[in-house]
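Notes for the structure review
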Amino acid sequence: MTARIPVLVLAGYLGSGKTTLLNHLLRNNDGRRIGVLVNDFGSINIDAMTVAGQVDAAMSLENGCLCCAVDADGVDPMLERLAYPGAPVDVIVIEASGIAEPRQLVRMVLSTENPHIEFGGMVEVVDAAEFDDTRARHPELDDHVRFADLVVVNKTDRLDAAERERVIGSVREIADGAVLPAEHGRISPGILFDDPAVRESAEVARQLSFADLDHDEHGCRDEHMHAAYQSVEFVSDRPLNPSAFLRFLTERSRGVYRIKGPIDFGASGEQRRYVLHTVGVYARFERSRWPAGQRRTSLVLIGTDLDADDLTGKLESCVDPDPDTVDEYGALGLARFVQA
Ligand SMILES: Nc1nc2c(ncn2[C@@H]2O[C@H](COP(=O)(O)OP(=O)(O)OP(=O)(O)O)[C@@H](O)[C@H]2O)c(=O)[nH]1
C-alpha cells in the first residue's frame with residue numbers, strides 16, 4: 001500500500017504565529033520532507049527560504065522542503081506538482097496567510113481528486129494575548145476555532161499563569177477538536193504527522209506507539225521542548241461491530257486529533273482488513289488483506305487532554321459480543337468511508 005501524503009491547512013489571524021510554527025516544524029522535521037504551499041511568497045518569511053534557490057514556481061529548500069505559491073485556481077495544480085508516486089515530500093503544509101476563510105481551503109483539499117494525498121487536518125493558531133480582542137473584532141474566529149481539528153494557543157508566554165488558564169479555558173469551551181498551548185509555535189510535530197518510515201509500514205498502530213511517538217512513561221513526548229500531546233492505544237483480538245464503531249467515530253471525542261490503525265470488523269463475509277485514518281471528523285478506510293497471523297484491531301488515538309479510560313471504555317463497548325451474527329450488510333455503513 002502506498003502511503004498518501006497528508007495535507008495540512010495552517011490558519012490563524014494576522015500575526016498569530018503561523019509562520020513561526022511553520023518554521024518550527026521545518027526545523028524539527030525529524031527527517032520528514034515538508035512541502036509548503038503559501039498563497040503569496042511576498043507575505044511570508046520562512047527562515048529556510050533565505051537559503052533557497054527558486055526553481056520554476058517551486059522553491060527547493062536546503063532541508064528538503066519545497067515551497068509553492070497557491071494561486072486563484074486553487075490547490076489542485078500545486079498538489080499535482082507536489083504529490084505523486086515517489087514525490088520528494090512526506091507531508092504538505094498549506095499556510096493560509098491572509099485567507100479570510102480557511103474552511104474554503106479545507107474544502108478544496110477535501111474535494112481534490114488527487115489520489116496521492118489525504119487531508120491532514122486544519123490547525124488554527126490563535127494569539128493567546130490577543131484572543132479576546134481578536135474575537136471582538138472578528139466574531140467568525142469562534143467558528144474557525146470550533147471547526148479546527150487542532151487549535152494552537154500560541155504566545156502563552158505573554159500572559160501570567162491566571163490569564164493563561166482563563167484564555168486556554170475559553171478556547172477549550174469553543175473548540176471541538178484538540179487544544180494545545182504553545183510558546184513560539186513549539187509543538188511536537190508528532191501530533192500532526194507520522195514518522196515517514198512508520199507511514200510506509202503495514203503495522204501502523206504498533207509502530208506508532210513505540211517507535212514513532214517516543215513517549216516517556218506519562219505518554220507525553222518532548223515535554224520540555226515542545227507542547228506535548230498524548231496517545232491512547234487500543235488493541236483487541238475480538239472483532240468490532242461496524243455500526244457501533246461508526247457511532248463512536250461520528251460522536252467526535254473531545255481532544256482527539258487523529259486515529260490510525262487496522263480494524264477487524266469480523267463480520268461473516270467481511271474478511272478484509274480496514275485500515276483507519278481520521279483527522280477530526282474526516283475519516284477514511286483503506287481495505288487490504290490481513291498479513292498472515294496479524295488479524296487484530298490495533299488503534300492509536302492522538303490528541304490533547306485525552307481521557308484514556310473513557311476512550312478505552314467506548315472502544316471496548318464496540319467489541320462485538322457475537323460477531324458471527326453480523327452479516328455482510330452490517331459492514332455496508334463502512335463503504336462511504338472507503339477509498340479505492
Ligand atoms: N512573545 C511571543 N511572540 C511570538 C510568539 N510566536 C510568534 N511570535 C512573534 O509574533 C510575530 C508574528 O508571528 P508570525 O509567525 O509572523 O505570525 P503569522 O501568523 O505568520 O503572521 P501573518 O503571516 O502576518 O499573518 C513575530 O514577531 C513573532 O516573532 C510567541 O509564542 N510569543
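Values in this document were obtained by computation on a predicted structure and should not be read as measured data.

Glancing now at the nonpolar core. Ranked by internal contacts, the top residues of the largest apolar core, which has 76 residues, are Val-9, Leu-10, Val-93, Ile-94, Val-151 and Val-152. Two domains share this core, each providing at least three of its residues, namely domain 1 (5–191) and domain 2 (202–337).

Turning to the pairing of strand S13 (residues 282–288), a few remarks are in order. Both strand S12 (residues 273–279) and S13 contribute to a ladder of 7 bridges, which runs antiparallel. When the sheet's bridge partners are listed, His-277 is paired in S13 with Arg-284. Between the end of S12 and the start of S13, which pair antiparallel, lie 2 residues, with Gly-280 showing a positive phi angle near 55°.

All right, on to the sheet that holds strand S11 (residues 256–263) then. Read from one edge to the other, the open sheet built from 5 strands follows the order S10-S14-S11-S12-S13, with strand pairing classed as antiparallel. A strand with exactly one partner marks an edge of an open sheet, and here the two such strands are strand S10 (230–236) and S13. Between one strand axis and the next, the sheet turns through 15° on average, direction left out of account. Of the strand pairs in this sheet, S11 and strand S14 (residues 297–303) are connected by 4 bridges, and their pairing is antiparallel. Across the sheet, residue Lys-260 finds its bridge partner in S14, namely Val-300. Sheet strands in contact with helix H10 (residues 308–316) are S10 and S14, and its direction is about 25° off that of S10.

Regular strands place side chains that alternate from one sheet face to the opposite one. Along strand S7 (residues 117–127), 11 of the 11 residues are buried, which leaves the element largely enclosed by surrounding structure. Sheet topology places strand S1 (residues 5–12) next to S7; 8 bridges connect them, and they run parallel. Considered in S7, the bridge of Pro-6 is made with Glu-118. Sheet topology places S7 next to strand S8 (residues 150–154); 5 bridges connect them, and they run parallel. By the bridge assignment, Val-123 is partnered in S8 with Leu-150.

Right, let's get into the domain arrangement of the protein. On domain assignment, one finds that the protein holds domain 1 (5–191) and domain 2 (202–337). Residue-level contacts link 19 residues of domain 1 with 23 residues of domain 2. Of all the secondary structure elements, the ones that give two or more residues to the side of domain 1 that touches domain 2 are S7 and strand S9 (178–181).

The rules behind each value
- Residues numbered from 1 in each chain as written.
- Predicted model: local features only at pLDDT ≥ 70, side-chain atom pairs only at ≥ 80, totals over all residues.
- Core = buried A, V, L, I, M, F, W, Y, C linked by C-beta atoms within 7 Å.
- Buried ≥ 20, exposed ≤ 12 C-beta atoms within 10 Å, placed from the backbone.
- Domains from an automatic or database assignment.
- Pairing = 2+ DSSP bridges.
- Helix = DSSP H or I, 4+ residues; strand = E, 2+ residues; numbered from the N terminus.
- Axes fitted to C-alpha atoms, helices over the stretch in contact; angles between N-to-C directions.
- Contact = placed C-beta atoms within 7 Å.

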